[in-house]
Amino acid sequence: MKKFRIALLGLVGVFIFAFTTKDTAAGYEIGDVATDFSLKNIDNKMVSLKDYKDAKGFVVIFTTNHCPYAKAYEERIVALDKKYKKLGYPVIAINPNNPEKNQDDSFDKMIVRAKEKGFTFPYLFDEGQKIYPQYGATKTPHVYILEKTAKGNIVKYIGAIDDNYEDEKAVKVKYVEDAVNSLLKGKEVEVKTTKAIGCSIKA
Amino acid sequence: MKFSFSILSLMFFMFFGLTSVAQENEIPKPLKIYKSANYEVKSFDYEGLEAYMNVKNDTTYVYNFWATWCAPCVKELPSFLKLQEAYKDKPFKLVLVSLDFSKSIEKSLLPFLEKKKMNVEVILLNDPDANSWIEKIDKDWSGAIPATLIVNKNQRKFYEQSFEYEALEKEVKSFIN
């Protein structure tokens, strides 16, 4: 009987383990520690989160050159960086797409696009598509707000930039701004996850 | 007597009032109708789409969420059209739900339909507050397209993926047979 109980406990343990690992494979949830990375920026220099000694956190945005939803947000992403970099939350943009699937996603086209749109933030290339699956990004644009703590960079918000992709003037709720504002005040982020339509990431 | 008459008339109005609401649900009023030489695309907000998807008959509906600018979406369209042709005598209906930007329908969607000469029903989902409706279509949908919903009065299944013909037909068969 005792043996049976131990076996049962073991079985439960295996189940818990199986489901926990499954969750990790599917990407981050709120409260998880986000991985740092070393990815090539459009100026050919490598960028890591740990380079930002004075940052309080990060607005990590998976975005790309050609996706119309990503394009619709380019100016809003520049505005976010301008507003929050000086407050300690810089934008870090990452192109997760495999350029072999679409030439418009190439590193050279990233340089062109960043120049055209006056990007004020690093625009990194996820070479080999290794970082975005760890975050669990599925589409562009897809935002992860991280707060720097002693334990690492903690995921505080996952989702959309705001509630209207088509018309900036019609935006009612600015999810990313609201989340960063709360973090700057040392408060809990109210809306922690949102969803948006986007271009699926091409691996 | 007067009292019972008013109750009766109240019941009468309630009955017909409800019936007319139910009918409206079956054919929701579009936000706008976009027209070109051979095509007509009605646009709906999510509420309209929901009424549109409110299945009450024996037909199996395939709703494909796509956009003209989405390369993997355009790539899989022929498989959906082939299925529509193969199932034309079955209780089956294909609806393409476009997520193109409403301001570019005349420039993007209508010319695309004219060029491809697609014989299919296309509607536009024009509801930019996507966070309010994505999970209502399916709680596991991240919002990436292409995505497909297959639904009839007994079953509902959602797929955040691209389809080849064989895989799509296999799924539809599990609804129809």
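Structure's up top.
Not measured: the values here are computed from a predicted model. (Residues numbered from 1 in each chain as written. Chains lettered and ligands numbered in written order. Predicted model: local features only at pLDDT ≥ 70, side-chain atom pairs only at ≥ 80, totals over all residues. Heavy atoms only, no water.)

Draft legend 1. The arrangement of helix 2 (residues 68-84) of chain A in detail. The terminal C-alpha atoms of helix 2 of chain A, which comprises 17 residues, lie 24 Å apart, in line with the 24 Å expected from a rise of 1.5 Å per residue. Contacts made by the buried residues of helix 2 of chain A are with strand 4 (57-62), strand 5 (91-95), helix 3 (107-117), strand 7 (139-140), helix 5 (175-184) and strand 10 (198-200) of chain A. (Helix = DSSP H or I, 4+ residues; strand = E, 2+ residues; numbered from the N terminus. Expected span 1.5 Å × (residues − 1). Contact = heavy atoms within 4.5 Å.)

Draft legend 2. Region of interest: the sheet that holds strand 7 (residues 147-151) of chain B. All names here are of chain B. Read from one edge of the open sheet, seven strands run 1-2-5-4-3-7-8, paired in mixed fashion. Only two strands of the sheet have a single partner each, and these edge strands are strand 1 (32-35) and strand 8 (156-159). The average angle at which neighbouring strand axes cross in this sheet is 25 degrees, direction not considered. Strand direction decides the pairing type here: strand 3 (residues 60-66) and strand 4 (residues 92-98), joined by seven bridges, are parallel. Pairing of F65 across the sheet is with V97, part of strand 4. Each of strand 1, strand 2 (40-44), strand 3, strand 4 and strand 5 (121-125) touches helix 4 (residues 105-116); the most contacted strand, strand 1, lies at about 60 degrees to it. On the sheet, helix 6 (residues 165-176) packs against strand 3, strand 4, strand 7 and strand 8 and is oriented at approximately 170 degrees with respect to strand 8. (Pairing = 2+ DSSP bridges. Axes fitted to C-alpha atoms, helices over the stretch in contact; angles between N-to-C directions.)

Draft legend 3. Quick look at the interface of chain A and chain B. The interface of chain A with chain B comprises 18 residues on the first partner and 24 residues on the second. Interface of chain A and chain B: buried area, both sides summed, is about 1,800 Å²; carbon and sulfur atoms make up 57% of it. Considering only the surface of chain A that becomes buried against chain B, E166(A), K195(A) and I197(A) emerge as the three largest contributors, covering 41% of it. Viewed at the interface, chain B and chain A are joined by one salt bridge. Across the pair E135(B) and K195(A) runs a salt bridge whose closest N-O atoms are separated by 3.2 Å. Counting the contacts that link chain A with chain B gives 12 residue pairs in polar contact (both at pLDDT 80 or more). (Buried area = accessible area lost by both parts, 1.4 Å probe. Salt bridge = Lys/Arg side-chain N within 4 Å of Asp/Glu carboxyl O. Polar contact = N/O pair within 3.5 Å; in protein donor to acceptor, adjacent residues only side chain to side chain.)

Draft legend 4. Looking closely at the packing of aromatic side chains. This model, assessed by the stated rule, comprises 22 aromatic pairs over all chains. Seen from their ring centres, F62(A) and Y135(A) are 5.5 Å apart, and the 65 degrees between their planes marks the pair as edge-to-face. You can see F62(A) sitting in strand 4 and its partner Y135(A) sitting in helix 4 (residues 131-135), a full 73 residues away along the chain. For F62(A), a relative accessible area of 0% translates into the label buried. Note on W141(B) and F158(B): the rings are 5.1 Å apart at their centroids and 50 degrees apart in plane angle, and the pair reads as tilted. Highlighted residues: W141(B) in the loop between helix 5 (134-137) and strand 6 (144-145) and F158(B) in strand 8, separated in sequence by 17 residues. (Phe/Tyr/Trp six-rings, centres within 6.5 Å; stacked < 30°, edge-to-face > 60°. Buried < 20%, exposed > 50% of the residue type's maximum accessible area, 1.4 Å probe, protein only.)

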